Each structure stands twice: as structure tokens, then as C-alpha cells.
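Structure assessment
One letter stands for each residue in the lines below.
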Amino acid sequence: MNATTTEAAVRPLHVGPYEVWPPVVLAPMAGITNAAFRQLCREQGGGLYVCEMITTVALVERNPKTLKMIAFGPDERPRSLQLYGVDPDVTAKAVRIVVEKDLADHIDLNFGCPVPKVTRRGGGSALPWRRRLFAKIVRQAVAAAGDVPVTVKMRKGIDDDHLTYREAGLIAQESGVAAVALHGRTAAQRYSGTADWDAIADLKQHLDVPVLGNGDIWEGADALRMLAHTGADGVVVGRGCLGRPWLFRDLEAALTGRGTEPTLPALGEVAAMMRRHAELLCGVFPTERDACTDFRKHVAWYLKGFPVGGDVRRALAMVSSLAELDDQLAVLDGALPFPQDALGQPRGRTNSPGKVALPYGWLDTRDDESVPEGAELADSGG
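Residues numbered from 1 in each chain as written. Predicted model: local features only at pLDDT ≥ 70, side-chain atom pairs only at ≥ 80, totals over all residues. Heavy atoms only, no water.

Quick look at the overall build of the protein chain
- Counting secondary structure elements, the protein chain contains 15 helices and 11 strands.
- Summarising its shape, the C-alpha atoms of the protein chain cover approximately 60 × 50 × 40 Å along the three principal directions.
- Expressed as a percentage of the 382 residues in the protein chain, the buried residues total 58%.
- Expressed as a percentage of contacts within the protein chain between residues at least 6 apart in sequence, the contacts between residues at least 24 apart total 73%.
- Surface summary for the protein chain: the accessible area is close to 15,500 Å², and the carbon and sulfur share equals 49%.
- Measuring between centres, the 43 positive side-chain charges of the protein chain sit 3 Å from its 48 negative side-chain charges. (Helix = DSSP H or I, 4+ residues; strand = E, 2+ residues; numbered from the N terminus. Buried < 20%, exposed > 50% of the residue type's maximum accessible area, 1.4 Å probe, protein only. Contact = heavy atoms within 4.5 Å. Areas by Shrake-Rupley, 256 points an atom, 1.4 Å probe, with all protein chains shown as cover. Lys, Arg positive; Asp, Glu negative; His and termini not counted. Charge placed at Lys NZ, Arg CZ, Asp CG, Glu CD.)

Structure follows, in C-alpha cells:
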């Protein structure tokens, strides 16, 4: 599709009974998309913000850590939760818990994780290859969810020789999902190279339910280009917002026709955003020290491209209190302009493609619907 996307061409995204405007979804990211980060992003722009991945086994077994992770702000609607599971029955039990305990308003099923510890057990992006098992998981999840909409997030396939996205999309649609999100990479690509937007366009042409495109949304203009190229109903944003929660402001501006010029905050504004982020984390973690420890991973992303010395970076990445953070932020030159060469560039994980770790004999058949032994994960978040 080569048509130019205009303001009139961008429509609200419908996920079951919920209207999402602008049609932007924050992808769940392990250790990142907790309630604090989601609130920080929601303060910038509208969309659907998904919590960290929750494993079905951990939820069914009432794991205390997992239950604490299912936390939403009082004004966070719809509450969106992603589940990871490989056993249809366990997945259905987890979904019923979500519904009966009113834990979320929307459930997303994870079939896109390319991490070796997941795929070598047959989970994540490896699972749609076993199409009958995939169908059972999705079908039983949708049945257990009742009126709560269920969506699916997946990749193109295991590698270029084992693509599954079109068949999996059709299976998910036939099973009653509300939408399908496709990351335009295979598991073998991991986070390398360029996302294949043509695959997203192809899936859109074959499905009637909404299709969301994921991959290489670094700026607001990228979202418009993806929608124009693919005809997708919305975009999913992951790594592009790391250290740049204001990306959601730019996405809202672009998709509502207010312009595609990126936000270019000076370092002082970035420092204020860092402080706000750490402050919100204090409302999520049991102690201020725990919150600041969690915040440390974000420092490099916020400062990407800024000419800030190594000593200052290291000091910021070791703070244990808000007071320490304030002292270190005060050292920064707030007038430093935003590094424009950092725009449009990958953020977060950028690794090389490689052979996908799979269970022995996994590719020999597509119709084995047995649950792969040891595939369930006990720890939520990834």
C-alpha cells in the first residue's frame, strides 16, 4: 500500500468494546512497563498501555511477586494485561482468574518472545509452529474470557523458512480474538535488521479483525509511514520509547494531524523527566532504595547521545535515593540541546540474528498438540 496517510485515514482502534485513540499500544517489556512507566507515558499521550508479561502458571499458583505486578493506576482504563502460557488448560484457568477477580479489562497473549530460554522450550515465537496447540490455547483463552477481549501478539515465524504469521493470524481470528499484533521480524532476527512491514500489510489483507503493526517505530512520522504502507489499524511501540516517554506525545501529534516534528527536549527537561520517573517508581516499589535501584537501568537510555561525561553517567547509574538523584541531576548542563543524531535510531536491545533454540524435533511436525515439557515459566516479567 503506497497511499499517503492523512488525518482522515487514521481511525480509532477498537479492541472489543474499547476505543483506543490515538491507535497506539505500548508493548509489554520485562522490567520496564510497570505501573510507574505506564503512567509516565500516559501523561504524554493517549493509547493502550500494557503491563509486564504475566505467566499463567505464576498467576494460577498465586505467586506473590506476580500478583504484585498486576497493578494499575486508579484512572488507567482499559487495564491491559499480557499473559504467557503454553498449556491450554492452565491458560484458561489464568484467564478465568483475571475475569473473576476483575484484574484487567483486556488480555493479550504472548506468542512473540524470541528469547532463547523461552523458544528452546517451545514457547513464545516458537509456539505458533505447532498450529493445533496454538489454536487450543487461543480458543480456550477466548472462551474463558467471556466479554473480556483477547488479543494475540506474535512474530512472522521462527525464521524465513518457517513462517507462521498468516496461518496463525487466521487461526486467532477464527478463535474469536479482538485483534492481532504482528512484529515484522522472525524469532531468528531477534531485534536486528529492519522490520518487515510488507508482512504486516499481507496479514492485514487476510484478516477482518484489527491488525496492529510492530517494529521500527522510532518517531511519530514512522507511525504514519507504517499505517500508510501496511493499512494497519494501529501501531505497537516497544524499544522506541526507552528513555523517551515523550515519544507518545509525538505519536499523538502525528496521528491526530498536528504535525510530525519530534520533541527535542534540552537536557534540563530530560532531567525533569528522569526525576518524575524515579518519583513514580517510589509508588510501585516497597522502598525508595528499591525504586532508585530499578531506575538505574533507564539512565543510559535517557542520556543517549548527550555529551555527558562517564563519571556523571556512572554516578547516576548508582543512585540509591531521590536525594542522591537530585544531586547528580543538578550537575548536568540543562541547556544542552537534544542530540538530533539520536533521532530515528534503535534503542534498547540491538543484537545479531542467530539460529533459534528449539526443543528436539520441534520442526518435524506442525500438528502435535501436546504441551512441550518444561515450557511453562514460573517467573512473570520475562
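Here we look at the sheet that holds strand 8 (residues 150–155)
- Spatially, the nine strands line up as an open sheet ordered 4-3-11-10-9-8-7-6-5, and their pairing is parallel. The open sheet has two edge strands, strand 4 (48–49) and strand 5 (54–55), and neither has a second partner.
- The sheet contact formed by strand 10 (residues 211–214) and strand 11 (residues 234–237) spans three bridges and is parallel. Opposite Gly 213, over in strand 11, you have Val 235 as the bridge partner.
- Where helix 8 (residues 197–206) meets the sheet, it contacts strand 8, strand 9 (179–183) and strand 10, and its direction lies at approximately 175 degrees from that of strand 10. (Pairing = 2+ DSSP bridges. Axes fitted to C-alpha atoms, helices over the stretch in contact; angles between N-to-C directions.)

Here's the deal with the pairing of strand 10
- Side-chain alternation along strand 10 places Val 211 and Gly 213 on one buried face and Leu 212 and Asn 214 on a second face that is also buried.
- Pairing of strand 9 with strand 10, which is carried by four bridges, proceeds in the parallel orientation. Residue pairing across strands places Val 180 opposite Val 211, the latter belonging to strand 10.
- The parallel pair strand 9 and strand 10, bridged by helix 8, forms a crossover whose chirality is right-handed.
- Handedness of the strand 10-helix 9 (residues 220–230)-strand 11 crossover: right-handed. (Right-handed = clockwise from strand over helix to strand, strands pointing away.)

Here we look at the packing of helix 6 (residues 131–145) against helix 7 (residues 165–175)
- The interhelical angle for the contact between helix 6 and helix 7, taken along N-to-C directions, is 30 degrees, at an axis separation of 9 Å. Compared by their axis directions, helix 6 and helix 7 come out roughly parallel. The element helix 6 and its partner helix 7 pack so that their crossing is right-handed. Residues Arg 131, Phe 134, Ala 135, Val 138, Arg 139 and Val 142 of helix 6 pack against Glu 167, Ala 168, Ile 171, Ala 172 and Ser 175 of helix 7.
- Looking at the contact of helix 6 with helix 7 residue by residue, the classes come out as seven nonpolar, one polar and three charged. (Parallel < 35°, antiparallel > 145°, perpendicular 65-115°, else oblique. Left-handed = near helix turned anticlockwise from the far one by under 90°. Nonpolar A, V, L, I, M, F, W, Y, C, P; charged D, E, K, R; others polar.)

Examining unusual backbone geometry
- Note the cis peptide between Trp 21 and Pro 22, where omega equals -5 degrees.
- In this structure, Pro 22 sits in the loop between strand 2 (18–20) and strand 3 (24–26).
- Geometrically, the link from Arg 77 to Pro 78 is a cis peptide bond, its omega value of -10 degrees lying close to zero.
- Looking at the secondary structure, you find Pro 78 in the loop between helix 3 (64–69) and strand 6 (80–84).
- The residue Asp 102 is not glycine, and still its phi comes out positive at about 55 degrees.

Considerations on the pattern of salt bridges
- One pass over the structure, following the stated rule, counts 24 salt bridges.
- The closest approach of N and O atoms between Glu 167 and Arg 366, which form a salt bridge, is 2.8 Å. Linking Glu 167 in helix 7 with Arg 366 in the segment after helix 15 (322–329), this pair joins segments that are 199 residues apart in sequence.
- Using a relative accessible area of 15% as the deciding quantity, one classes Arg 366 as buried.
- Put simply, Lys 204 and Asp 233 hold a salt bridge, and the shortest N to O gap is 2.8 Å. Highlighted residues: Lys 204 in helix 8 and Asp 233 in the loop between helix 9 and strand 11, separated in sequence by 29 residues.
- If you follow the salt bridges from partner to partner, you end up with Glu 43, Arg 275, Arg 276, Glu 279 and Asp 326 in one network. (Salt bridge = Lys/Arg side-chain N within 4 Å of Asp/Glu carboxyl O.)

Remarks on the packing of aromatic side chains
- The tally for this structure, following the rule as stated, stands at five aromatic pairs.
- Taking 4.8 Å as the distance between ring centres and 70 degrees as the angle between the ring planes, the aromatic pair formed by Phe 111 and Phe 134 counts as edge-to-face. Taken together, the positions of Phe 111 in strand 7 (residues 106–111) and Phe 134 in helix 6 put the pair 23 residues apart, joining distant regions of the chain.
- Take Phe 134: its relative accessible area is 0%, and that puts it in the buried class.
- Consider the rings of Trp 246 and Phe 338, whose centres lie 6.2 Å apart with planes at 85 degrees: the pair is edge-to-face. Note that Trp 246 is positioned in the loop between strand 11 and helix 10 (247–255) and Phe 338 in the segment after helix 15, a separation of 92 residues in sequence. (Phe/Tyr/Trp six-rings, centres within 6.5 Å; stacked < 30°, edge-to-face > 60°.)

Comments concerning the confidence of the model for the protein chain
- Considering every residue of the protein chain, the mean pLDDT works out to 94; 98% of them sit at 70 or more.
- Scored below 50 in pLDDT, residues 1–8 shows 14 contacts in the model against residues more than four places distant or in partner chains. (pLDDT = per-residue confidence, 0-100.)

So, the packing of helix 1 (residues 35–42) against helix 11 (residues 267–281)
- Remark: helix 1 packs on helix 11, axes separated minimally by 8 Å, with the N-to-C direction vectors making an angle of 140 degrees. In terms of orientation, helix 1 lies oblique with respect to helix 11. Seen along the crossing, helix 1 lies across helix 11 with a hand that is right-handed. Where helix 1 approaches helix 11, its residues Ala 36, Phe 37, Gln 39 and Leu 40 are matched on the opposing element by Met 273, Arg 276, His 277, Leu 280 and Leu 281.
- When its residues are assigned to classes, the contact of helix 1 with helix 11 shows six nonpolar, two polar and one charged.

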